[in-house]
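# Chain and residue survey
If you want the building blocks of each chain, they are given just below.
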Amino acid sequence: MSLSVSARRDPRGLYVGLLGQFVVEVDGVPLRLRGDKRRTVLATLLLRAGQTVPADHLVARVWGTPAGQVNRSALQVHVARARAIFDDHWGRPLIHGGDGGYRVDLAEGESDLLAFRALVAAAGEADSRGDPARHADLLLRALRLWRGPVLADVPSPLLHERDVPPLHEELLRAAEAGCEAALALGEHARAAEHIGPLVADHPERESLIRLQMIALHRSGRPSEALRLYARTRDVLAERLGTDPGLDLQETFHALLRGDLDRPARVPRQRVEPAPAAARAARPAAPVPLPSTTPAELPAAPAVLVGRGAHLAELDRLVGPAGPVPGNVLVRGAAGTGSSALALAWAHTATPHFPDGQVYVNLRRDDGTPRDPAEVLRRLVRSLSGGRDGIDDLSVDESAARARSLLARRRVLLVLDNAVSTRQVRPLLPGCPECAAVVTSRYWLTDLLVRDGVRALPVGALTADDAVVLLRSLLGEGRCTEAALRRVAHLTGCLPLPLRMAVAWLDTHPARSGSDLVRRLEGVDPARCGTPTARMAAVLHAGPEDVRHGRGEVPTGRVPPDPSLGDGSFVRLSPG
């Protein structure tokens, strides 16, 4: 069935444009409709062409108040002047009164909204007749009539609050149906072209975003699809405080894995059952264990101050939303908080690594470095759900097994407290979809040169940020500003000793910030030369031991909580 002639636009006569800026033309010449109130009256009537609109309804759209005698009289004046305009230019008054309101009658070809609805209706008929090509073509033709936000230049808050949203929903549903129909026909580029401007105008419409991502992917533009998802995620977080919905996340993850268009596997039907004797002789097949996705990140620090630029740089260097993320070395001296920074960033990046996040501490509890073979066994167990044993394999064979488990998956590795390149290199993923974030006190230059790992140096906080960190953990009124600044200076503005200072004040509620300053200043600098060692001496020392730099904890190293600093080990005794 072809679209009726009445639904086509005739260049002669009247034409009304509502699906965008408000336009009224007679014989192809736009009419100048002066006055916001008169334009609102006309737009409200034209949106409801073929219906009688009550006068009270029009008054509310024009003035935003309940109808009164004054408003009703003013409405009559606006209607009379609008009638005169059309009578002069078109030869007919257009607006008719009766039944307590006003009415406008239009043919399908005289309004873009009516033409749009006629095309959608014709598309529904084509679909019911089993004509998918015509169904898609009519929907996309209807979509071309939508020029932008409906009546964006008509200043009526109530009109845009009550009348326009249902029409926008009608348009969006037709757009989604048209895009789905085009994708089903394999017209991916056409679908992407038509839906692109709508996505830009409706960045929170997840169903529309999902279709555009599929269209871009199938048009050979996967990087654009990934960038679209990243923008949508940011918009939803900023405007609504939410993450993308499940359908959109699943589309994103399927795109990353490369199986967005992979058909579902259908099990092969068994033609003839095996004889009973054969079934009895055959050993029972092992029941496969459910696959597990590792999610091993320790808790992120509750407070992270002064690291906004570092988090943004990690985003840039790793590029988690891109098809090929990178590997990064986060290098910071003891106490700078490089581990806390890496963990805080990794938690924000988990949506981009749907196949798991693996955390490995490359130091033992006594501070000695872990052997690569031990770490590889741990890594393979995490990636295989504990089902893959490699106790009898060499380091090279274990590394190859780990790379095989990472292949075709998108996993984030956080390798904390690395001591040497020898520890890290066997753990680096071999597939481009995975990423590794390594933290270390040292410049592992061989990784930077030979393996292309990027570097992000981390230093002390600024004095102002150090004070903000102290105050955010201690609360207002616990210490004076002068005491906080002195503590920040004596701790070198390093996150770990700053948090240790907070711990001392928390465990000595009767003491003031000035008491802590005096104890820090009393530590023998010859015995405790670093800010972390100085603070450790105060934290673990009795009143008489502080000025001698002696602590109550025996000589050795103890591991702090990763959220306290960089996850490195703090020497609590002098030396």
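Analysis parameters
Residues numbered from 1 in each chain as written. Predicted model: local features only at pLDDT ≥ 70, side-chain atom pairs only at ≥ 80, totals over all residues. Heavy atoms only, no water. Helix = DSSP H or I, 4+ residues; strand = E, 2+ residues; numbered from the N terminus. Contact = heavy atoms within 4.5 Å. Areas by Shrake-Rupley, 256 points an atom, 1.4 Å probe, with all protein chains shown as cover. Expected span 1.5 Å × (residues − 1). Buried < 20%, exposed > 50% of the residue type's maximum accessible area, 1.4 Å probe, protein only. Core = buried A, V, L, I, M, F, W, Y, C linked by side-chain atoms within 4.5 Å. 1 Å grid on protein atoms, 1.4 Å probe; cavity = no way out; pocket = protein on both sides within 12 Å on 5 of 7 lines; lining within 4 Å. Points joined across faces, edges and corners; volume = space filled by probe spheres on them. Nonpolar A, V, L, I, M, F, W, Y, C, P; charged D, E, K, R; others polar. Phe/Tyr/Trp six-rings, centres within 6.5 Å; stacked < 30°, edge-to-face > 60°. Pairing = 2+ DSSP bridges. Axes fitted to C-alpha atoms, helices over the stretch in contact; angles between N-to-C directions. Parallel < 35°, antiparallel > 145°, perpendicular 65-115°, else oblique. Left-handed = near helix turned anticlockwise from the far one by under 90°. Salt bridge = Lys/Arg side-chain N within 4 Å of Asp/Glu carboxyl O.

## Digging into the overall build of the protein
Check the secondary structure of the protein and you find 22 helices and 13 strands. Long-range contacts, defined here as pairs at least 24 residues apart, represent 66% of the contacts in the protein between residues at least 6 apart. In the structure as shown, the protein presents an accessible area of about 27700 Å², 52% of it carried by carbon and sulfur atoms.

## A closer look at helix α5 (residues 132-143)
Think of an α-helix as turning once every 3.6 residues; residues three or four places apart then point the same way. Here α5 contains twelve residues, and its C-alpha end-to-end distance of 17 Å stays within 8% of the 16 Å for a straight helix at 1.5 Å per residue. Among all positions in α5, only H135, A136, L138, L139, L140, A142 and L143 are buried. The elements touched by buried residues of α5 are α4 (112-128), α6 (157-184) and α7 (188-201).

## Things to note about the nonpolar core
The biggest cluster of nonpolar side chains holds 79 residues, and the ones touching the most others in it are L14, F22, I95, L106, L151 and M213. Sorting elements by how many residues they give to this core places α6 first, with ten residues. Discounting residues that sit within four places of it in the chain, F22 has contacts with V16, G17, L33, R39, L42, A43, L46, L151, D153 and V154. Counting residues in each nonpolar core, the second largest holds 31 residues, with L461, M500, L520 and V523 among its members.

## Observations regarding empty space enclosed by the protein
Applying the stated criterion across every chain, the model contains two cavities of 30 Å³ or more. Of the volumes computed, that of the second largest cavity is approximately 30 Å³. Surrounding the second largest cavity, L470, C479, A483, L484, V487, L505 and G513 form its lining. It is helix α19 (residues 481-490) that contributes the most residues to the lining of the second largest cavity, three residues altogether. In the lining of the second largest cavity, the residues fall into six nonpolar, one polar and no charged.

## Points about the packing of aromatic side chains
Per the counting criterion, the structure on display carries one aromatic pair. Arranged with centres 3.9 Å apart and planes meeting at 5°, the rings of Y229 and F252 form a pair that is stacked. Of this pair, Y229 sits in helix α9 (residues 222-239) while F252 sits in helix α10 (residues 246-257), and the two are 23 residues apart along the sequence. Summarising the burial analysis for this pair, Y229 and F252 share the class buried.

## A look at the sheet that holds strand β3 (residues 29-30)
As summarised here, the arrangement of the three strands in space is β1-β2-β3, forming an open sheet in which the pairing is antiparallel. Looking along the sheet, the strands with just one partner apiece sit at the ends: β1 (14-17) and β3. In terms of strand pairing, strand β2 (residues 23-26) meets β3 through two bridges, oriented antiparallel. Within the sheet, the bridge partner assigned to E25 lies in β3 and is P30.

## A look at the sheet that holds strand β7 (residues 328-332)
Read across the sheet, five strands follow the order β8-β9-β10-β7-β11 without closing on themselves; strand pairing throughout is parallel. Among the strands making up the open sheet, the edge pair consists of β8 (357-361) and β11 (454-458). Within this sheet the neighbouring strands show an average axis-to-axis angle of 15°, counted without direction. In the sheet, β8 pairs with strand β9 (residues 412-418) via five bridges, with the strands oriented parallel. Looking across to β9, one finds that N361 is bridged to D416.

## Regarding the packing of α5 against α7
Packed helices, taken two at a time, are described by the angle their axes make and the gap between the axes. One way to put it is that α5 packs onto α7 with a least axis distance of 11 Å and a crossing angle of 30°. Judged by the angle between their axes, α5 and α7 are roughly parallel. In this structure, α5 crosses over α7, and the sense of that crossing is left-handed. Residues D137, L140 and L143 of α5 touch α7, and the partners they reach there are R190, H194 and L198.

## Regarding unusual backbone geometry
With the exception of glycine, the majority of residues adopt a negative phi angle, and the majority of peptide bonds are in the trans configuration. The backbone of L151 sits at a positive phi, close to 50°, despite the residue not being glycine. Relative to the elements of secondary structure, L151 occurs in the loop between α5 and α6. By relative accessible area, L151 is classed as buried at 0%. Its identity is not glycine, yet N417 carries a phi of approximately 60°, on the positive side. With respect to the helices and strands, N417 occurs in strand β9. With relative accessibility at 4%, the residue N417 sits in the buried group.

## Some words on the pairing of strand β5 (residues 95-98)
Sheet analysis places β5 next to strand β6 (residues 101-104), joined by four bridges and oriented antiparallel. Its bridge partner lying in β6, H96 is registered against R103.

## Side note on the pattern of salt bridges
Counting across every chain of the model gives 28 salt bridges. Between D163 and R48 there is a salt bridge whose closest N-O contact spans 3.5 Å. Residue D163 is located in helix α6, and its partner R48 is located in the loop between α1 (36-47) and β4 (52-54); the two are separated by 115 residues in the primary sequence. On the basis of relative accessible area, D163 is assigned to the buried category, the value being 13%. Classification of R48 by relative accessible area gives partly exposed; the value is 28%. Across the salt bridge formed by R471 and E481, the nearest N and O atoms sit 2.7 Å from each other. Of this pair, R471 sits in helix α18 (residues 463-474) while E481 sits in helix α19; the two residues are ten residues apart in sequence, bridging distant segments of the chain. R471 gets classed as buried once you look at its relative accessible area, which sits at 18%. Connected through shared salt-bridge partners, E169, R173, E176 and R205 make up one network.

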